[in-house]
Amino acid sequence: MDLKSELLKSIWYAFTSLDVEQSGKVSKSQLKVLSHNLYTALNIPHDPVALEEHFREDDDDGPLSRQGYMPYLNEYILAKAKEGTFNKETFDELCWMMTAKKNYRPGVAGGMCSQQDCFKLFCLFNLLSENHYPLVMIPAEVEYLMKKISMAMSHDWDPKLLEDLLCQNPSLREGLSVWALLEHLNNRRLLQIPSTEAFSLALDEVFQEMYHNVLKQGYMWKKGHVRRNWTERWFVLKPSSISYYVSEDLKDKRGEIPLQNGCLVETIADKDGKRCLFCVKTLHKTYEMSASDIKQRVEWVQAAQTALRLLRERKSSLHQELKLQRREQRKSCLPRREEVHNPQERQEEKERQEQEIENIIQLQRAVETQRKQAEEQEKERQMEVQRELERQLQEAEKVRESMEVEMAQKEREAEQQRVRIQELEITQKKLEAALKSEIQAHMEEENARMEQERLQEEEEEKMKQLMLLQQEAEAELLRAQQEKRDAEEQGISSSSAVDAASQELQTLRETRERSNQQLEEAKEKLRNASHNVKLWNVQLNRLLKPILPGERLESVKRSQDGPDKAFTSREFITKYKPSVIPKSNGQSSEEEGDLQEHLEAVSLSDSDQTLVQDVRRGQ
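Just so you know, these numbers come straight off a predicted model, no measurement behind them.

A.B. asks: Residue-level account of the packing of helix H8 (residues 139–152) against helix H11 (residues 196–210), with values.
C.D. replies: For the pair H8 and H11, interaxial distance at closest approach is 8 Å and the crossing angle is 120 degrees. Viewed along their axes, H8 and H11 adopt a mutual orientation that is oblique. For H8 against H11, the interelement crossing comes out right-handed. The segment H8 lies against H11, with Tyr 144, Leu 145, Lys 148, Ile 149 and Ala 152 engaging Phe 199, Ala 202, Leu 203, Glu 205, Val 206, Glu 209 and Met 210. Within the contact of H8 with H11, the residues separate by chemical class into 9 nonpolar, no polar and 3 charged.

Written out as C-alpha cells, the structure is:
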C-alpha cells in the first residue's frame, strides 16, 4: 500500500467527523480548517487561494460534496506529501483527535484501554483494514492482531473468544469497524488481559513493530571504532538502518548503521570477555555487537537478514508485505461472491468459506507451530555451538595460562639479563675510570722523571762551574805566593765564590731530594692504579663469562701466566712512551755517590787552607 492510500484512511476519518448530518457534504469553512491542519501536519507550504479557486462557483456557506473535495485533496495536498518530510504519527494523531471527539464514546473510554492505547489501536486498525470504505477489519486480520498482542504478553490467544463473538453477531463476519474493535476490547470479549499495564506494554511493542516498522529492538553491547571499548546501547532495527541510543527513551541518539545492498550479518566467536557476538559488515565499516543470550542473538541475526531481504526486494515494510500475502491467500481460497446465486448455494458457500477460514486459521497455527519448532531446533543448534565454543574457550584458557607462565619465565630471564647488563655497564665505567687514573699516574711519573733529569742536568752544570772555580782558585793561590797582597785579595774573592757555589750545590741537592720524593709518590700511585686495573679486569671477565665449578684454578693460572694479564707501570710506559727510558733508584744512588766522590776529589788541600787563613789574618 502506497503513502497516498495510508494518508487517505486517516483523512477519511477526519472528513467524516466534520459531516455531522452524515450527508456526505462538508461546508467550505470546515474544509479550510481541515486543509490548513493537513498542510501543517504534512509539512507542506500552505496555499489559501487554491481552495477558493477550486470552489469559486460554490457558496461560502453552502456544503461541498466529498467528491468535489477529492480532486483538490489529490492535487494540492496528497501529491505534495513526500515520505520522510513529516511525522506520520503526528499526522494520524491529528486525524484521531478530530474523529475521537465525535465517535469515542464515554462508555468505550471507561474500559481497560487508555486514550493513548486507543490511538495506537486506531493506527493498527488503519494498517490492517481493507482498502474500501467504510473501513473495516475482517475477522482474519482481527485474529492476527490479537495473536500478536497475546504473544507480546507471553500468553496464548484463545480463538474461542472471536468465534463466540461472531456467533453472537453474525454481521461482524463482514468486518469490524474501529469503534466496534475498541468496544469489544474494552469489554474483554476479544482478549483475556491479566492487567492494563501488561496490555499497554504489549500493545506498544506491537505498535512499534507494525506501525513504525521496527523489526527488533533492545539492549546490546557495541564495540567502539575509536576507543575500542564495549558500551551498552539501545538498538532499534528498521528495514533501512540500525539506530542505537543511550537508553530506551530514544532521546540521545549516538549513531546509525545504514543497511545497503552488499551488507552482511554474521555470527563471530566470543572475545574480549563478551559472548553471543555477531557483526554487521557494511561497505565501509564492520560493527560488532554482543547480545544478552543465544536466543537474542538468533533473533537479532534473523531480523537483520529480514531487513536485508526487504531491502533487496525494494520493500519498505514487513507487515505490509505479510498483509498482502494473507490477502492473496484468502483470495485464492475464496471464490468471488458474484458466482453464488440462490440462497441455498449462498448458505453452502458461506459455510464453505467459514470452513476455509477455519482451515486458514489452522494453517496459520500450523505455520506458527512449525516456526516455534524451527526456533527450538535453532536454539538447540546454537546451544551445541555454545558448548563447542565453551570447550574451545577452556582450551584457549589453558593455552593462555601456559603462555602466561612461559612469558613470566621469559620476563624473569630478561630481568636477569637486564641486571647483568647493568652490572657490566657499571663495571665498564669503573674500569674506564681505573684506566684513566692509571694513565694519569703514568703521566705524572713521566713528568717527575723529566723534572729529575732536568735537575740532574742543572746539577752537572753546577758541578762543572764549581770545578772551574776550584781550578781558578788553585791558580790564584800559586800566584798569591809570589804577590802576597794580590794573592790575599784574590783568595778572599775565590773563597767567597766557593762558598756561594757550595750553597747553590746544597740547594740543588735539596731540590733533587724533593723530586725523588715526588717520583716515589708517583710510582706508588702507578702501582695502585695497576692493581685496580687488574682487579676490574678480573671482575669484567667474571661477568662476561661466569666461572663454573672447576674452572677457578685454571682461570687464576691464566690470569697469572696468560697473555691477557694487566701491564705494570714500567711495561705501560715502555709500550706507550718508547722515547722515555726510566732510571731505577739504584742508578740514581750511584750517580749521587759519584757526585760526592767528585766533590771530595776537588776539595782544597790542608796547606792551601792554612795559606788562606794566614792571608785573612794579615788583612
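A.B. asks: Break down empty space enclosed by the protein for me, with residues and values.
C.D. replies: Across all of its chains, the model carries 4 cavities of 30 Å³ or more by this definition. In this structure, the second largest cavity encloses a volume near 50 Å³. Together, Asp 270, Arg 275, Cys 276, Ile 294, Arg 297, Gln 386, Leu 389 and Glu 390 line the second largest cavity. Within the residue set of the lining of the second largest cavity, elements represented by two or more residues are helix H12 (294–312) and helix H14 (343–482). Among the elements that make up the lining of the second largest cavity, the one with the highest residue count is H14 (3 residues). Per-class residue counts for the lining of the second largest cavity are 3 nonpolar, 1 polar and 4 charged.

A.B. asks: Kindly report on the state of the cysteines, identifying the contributing residues and their values.
C.D. replies: Applying the stated criterion to the full structure yields 0 disulfides. Cys 123 takes part in no disulfide bond, and the closest cysteine sulfur, belonging to Cys 95, lies 9.6 Å away.

A.B. asks: I'd like to hear about the sheet that holds strand S6 (residues 253–258), residue by residue, with values.
C.D. replies: Backbone hydrogen bonds hold the strands of a sheet together, and the pairing may be parallel or antiparallel. Across the sheet, which stays open at both edges, the 7 strands sit in the order S6-S5-S4-S3-S9-S8-S7 with antiparallel pairing between neighbours. Strands with a single pairing partner mark the edges of an open sheet, and in this sheet they are S6 and strand S7 (264–268). On average, each strand axis in the sheet is inclined to that of its neighbour by 35 degrees, with strand direction left out of account. Across 5 bridges, strand S8 (residues 277–281) lies against strand S9 (residues 286–290) in antiparallel orientation. Across the sheet, residue Leu 277 finds its bridge partner in S9, namely Ser 290.

A.B. asks: Please set out the environment of Lys 271 residue by residue, giving values where relevant.
C.D. replies: On the secondary structure map, Lys 271 appears in the loop between S7 and S8. Along the chain, Lys 271 and Leu 393 lie 122 residues apart, while their C-alpha atoms are 9.3 Å from each other. Discounting residues that sit within four places of it in the chain, Lys 271 has contacts with Lys 223, Leu 277 and Glu 288. A polar atom in the side chain of Lys 271 sits 3.2 Å from the side chain of Glu 288.

A.B. asks: Can you break down the pairing of strand S3 (residues 216–223) residue by residue, with the values?
C.D. replies: Along a regular strand, successive side chains alternate from one face of the sheet to the other. Of the pairings in the sheet, the one linking S3 to strand S4 (residues 230–237) comprises 8 bridges and is antiparallel in character. In the strand pairing of S4, Lys 216 is matched with Leu 237. The loop that links S3 with its antiparallel partner S4 comprises 6 residues; one of these, Arg 228, has a positive phi angle of about 60 degrees. As paired elements, S3 and S9 share 2 bridges and run antiparallel to each other. In the strand pairing of S9, Trp 221 is matched with Ser 290.

A.B. asks: Go over the confidence of the model for the protein, please, and point to the residues and values.
C.D. replies: Of the residues in the protein, 77% reach a pLDDT of 70 or more, and the chain-wide mean stands at 77. Within the model, the stretch residues 59–66 combines pLDDT values under 50 with 23 contacts to residues more than four positions away or in other chains. Ignoring residues within four places in sequence, the model shows residues 106–110, a span with pLDDT below 50, making 4 contacts including any to other chains.

A.B. asks: Which residues make up the nonpolar core, and what are the values?
C.D. replies: Of all hydrophobic cores here, the largest spans 44 residues; its most connected members are Trp 96, Leu 145, Met 146, Ile 149, Leu 181, Leu 191 and Phe 199. Breaking this core down by element, the ones donating at least two residues are helix H1 (3–18), helix H5 (88–103), helix H7 (115–128), H8, helix H9 (160–168), helix H10 (178–186) and H11. Per-element accounting of this core gives the leading share, 9 residues, to H7. Look past the residues within four positions of Leu 191 in its chain and what remains in contact with it is Met 146, Ile 149, Ser 150, Met 153, Trp 157, Leu 161, Leu 185 and Phe 199. By size, the runner-up hydrophobic cluster in this structure holds 28 residues, among which are Leu 38, Ala 41, Leu 78 and Met 98.

A.B. asks: Just give me the short version of the pattern of salt bridges, but keep the residues and values in it.
C.D. replies: According to the stated counting rule, one finds 26 salt bridges in the structure shown. When salt bridges that share partners are traced, they join Glu 388, Arg 391 and Glu 395 into one network.

Rules used in this analysis
Residues numbered from 1 in each chain as written. Predicted model: local features only at pLDDT ≥ 70, side-chain atom pairs only at ≥ 80, totals over all residues. Heavy atoms only, no water. Axes fitted to C-alpha atoms, helices over the stretch in contact; angles between N-to-C directions. Helix = DSSP H or I, 4+ residues; strand = E, 2+ residues; numbered from the N terminus. Parallel < 35°, antiparallel > 145°, perpendicular 65-115°, else oblique. Left-handed = near helix turned anticlockwise from the far one by under 90°. Contact = heavy atoms within 4.5 Å. Nonpolar A, V, L, I, M, F, W, Y, C, P; charged D, E, K, R; others polar. 1 Å grid on protein atoms, 1.4 Å probe; cavity = no way out; pocket = protein on both sides within 12 Å on 5 of 7 lines; lining within 4 Å. Points joined across faces, edges and corners; volume = space filled by probe spheres on them. Disulfide = S-S within 2.5 Å. Pairing = 2+ DSSP bridges. Polar contact = N/O pair within 3.5 Å; in protein donor to acceptor, adjacent residues only side chain to side chain. pLDDT = per-residue confidence, 0-100. Core = buried A, V, L, I, M, F, W, Y, C linked by side-chain atoms within 4.5 Å. Buried < 20%, exposed > 50% of the residue type's maximum accessible area, 1.4 Å probe, protein only. Salt bridge = Lys/Arg side-chain N within 4 Å of Asp/Glu carboxyl O.

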